[in-house]
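In case you want the letters, here they are:
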Amino acid sequence: MSAILEIESIRQEFPVTKRMLYLDSAHQTPMATCVRQALSEFLAEGNEMAGPKPVWMRRVERAREGVAALLNASPSEIAFTKNTSEGLNIAANAVPLSNGDTVLMLEGDHPNNAYAWLNLKRKGVQVRFVKVADDEIATAETFEPFIDAKTKVISLSHVTFHAGQRHDIASIGRLCAQKGIYLVVDVMQSVGVLPVDVRKLGVSVLAAGCHKGLLVPQGLGILYVKAGLDELQPAYLAMSSLANPPEDYIARPDDLAPRKDAGRFEFGNYNLPDLHALSSSIDLIRKTGVERIEAHVLELGDRLIAQLERLGVRLVGPRTRANRAHIYVLDLPVAEWLDYFTQNQVRVSPERGGIRISFGLFNTSEDVDQVASLIQQRLSRGAHPSAATQVD
Ligand SMILES: Cc1ncc(COP(=O)(O)O)c(C=O)c1O
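Definitions and cut-offs
- Residues numbered from 1 in each chain as written.
- Predicted model: local features only at pLDDT ≥ 70, side-chain atom pairs only at ≥ 80, totals over all residues.
- Heavy atoms only, no water.
- Near = heavy atom within 4 Å.
- Polar contact = N/O pair within 3.5 Å; in protein donor to acceptor, adjacent residues only side chain to side chain.
- Areas by Shrake-Rupley, 256 points an atom, 1.4 Å probe, with all protein chains shown as cover.
- Nonpolar A, V, L, I, M, F, W, Y, C, P; charged D, E, K, R; others polar.
- Phe/Tyr/Trp six-rings, centres within 6.5 Å; stacked < 30°, edge-to-face > 60°.
- Helix = DSSP H or I, 4+ residues; strand = E, 2+ residues; numbered from the N terminus.
- Buried < 20%, exposed > 50% of the residue type's maximum accessible area, 1.4 Å probe, protein only.
- Lys NZ or Arg CZ within 6 Å of the ring centre and 35° of its normal.
- Pairing = 2+ DSSP bridges.
- Axes fitted to C-alpha atoms, helices over the stretch in contact; angles between N-to-C directions.
- Contact = heavy atoms within 4.5 Å.

Tell me what's going on with the site of the ligand, and back it up with residues and numbers.
Taken together, N83, T84, S85, H110, N112, S157, F161, D186, M188, Q189 and K212 are the residues near the ligand. The contact in question runs from an oxygen atom of the ligand to an N or O atom on the side chain of N112, over 3.0 Å. Here an oxygen atom of the ligand sits 2.9 Å away from a polar atom, N or O, in the side chain of Q189. Burial of the ligand by the protein chains amounts to 87% of its free accessible area of 400 Å². Split into classes, the residues belonging to the shell around the ligand amount to 2 nonpolar, 7 polar and 2 charged.

Structure below.
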């Protein structure tokens, strides 16, 4: 079970746990019943009353306050976007960069982050990819040797989707502050699962979508932009981005000043259904406690690692607690193993290094034992882990 969370009541919120062994929160989290309820209530209001929009807009601000509290940010530092990619592209186009400037990234990090910066090639901006092994993490030392006068940005994931590494953002943040470099972090995999404290991490910009640890259906993203970075200016403009939006809805060519707060990066109407869902999911996460969710998934990770050791299956990512979170990639050939898990009602993901198991707040130690037992059954029938594992 779990000594850390009130797991019985949490599992009540996730009916999917009665149907299958869901070990795929890094892909998408199942919808919690409270989130479904928030969506239903919103739909009923739209259906029966066509609004009222002012009430909905007040709830947007409530969701913003919830996100800010989760990140230890101020609500004025939070903007809503569509997904991680949009947030990262906003950042890439907001940071003042010119011909010859360099962005440092990690080789193999999420392509949606890489493409946002690679697209600046048109401006002569170069992206340099730094290597870090799958079972290691990036720290300040990883990047420091590559920094020169032209380096303006470091951008990376907090937790990687492909090996589950939990990079040391705080040390990279200190390095960036020392060198006057912007730090842009993709927290898609970590937010809602680990404490993400923008002050402790020392980040300039954070971006995430809400359909993983934040438990909301696809189509909503969050963007944190540190207060005071006024030189970061929006590439797109709409009425909602303006400091003085025209009350008569007639555009004023002589007043294009954007808002001072992170709202300068918002344009147009919001994803209102998802924002209702987000307030509900953040209530659930904050009530549970993100530190406890972290402790819970790490404990499940400890148990999984012990089981893998017993079975002789190699873990692709880091083993040290401080360097991992809820994502564990097993060195099992995808072509031979994915169908097996599917046939046994176990939801996992294929990854470049093998089979990815990822935990959510609703998983239990029994879930870990169950997947370990399934692996054992297949191994005992003659299947074997990958060649790399046998050599180890
Ligand atoms: C680290 C990371 N970044 C970004 C994404 C997805 O990007 P987006 O929210 O733009 O779809 C994912 C996975 O879906 C991810 O794991």
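Anyway, onward from the coordinates.
Tell me about the packing of aromatic side chains, and please be specific about residues and values.
Using the criterion set out here, one finds 9 aromatic pairs in the structure. Here F14 and F362 contribute two aromatic rings whose centre-to-centre distance is 4.8 Å and whose plane-to-plane angle is 40 degrees, an arrangement assigned as tilted. Here F14 is found in the loop between α1 (7-12) and α2 (16-19), whereas its partner F362 is found in the loop between β12 (354-358) and α13 (365-380), with 348 residues between them in sequence. Since its relative accessible area comes to 0%, F14 is described here as buried. When its relative accessible area of 0% is taken as the criterion, F362 is described as buried. When the centroid spacing of 4.4 Å and the interplanar angle of 45 degrees are considered together, the rings of F42 and W56 count as tilted. Highlighted residues: F42 in helix α3 (residues 33-49) and W56 in helix α4 (residues 53-71), separated in sequence by 14 residues. Each member of the pair, F42 together with W56, is buried. Ring pairing ties together the aromatic residues F14, Y22 and F362, which thus form one cluster. Residue placement shows R378 over the ring face of W337; its charged tip is 4.7 Å from the ring centre.

How would you explain the sheet that holds strand β7 (residues 205-209) if you had to name every residue and give the values?
What the 7 strands build is an open sheet, ordered β2-β8-β7-β6-β5-β3-β4; its pairing is mixed. Edge strands, defined here as strands with exactly one partner in the open sheet, are β2 (78-81) and β4 (126-130). Pairs of neighbouring strands in the sheet enclose a mean axial angle of 20 degrees, with direction left out of account. Helix α5 (residues 84-94) rests against β2, β6 (182-186), β7 and β8 (221-225) of the sheet, and its axis sits at about 160 degrees to β7.

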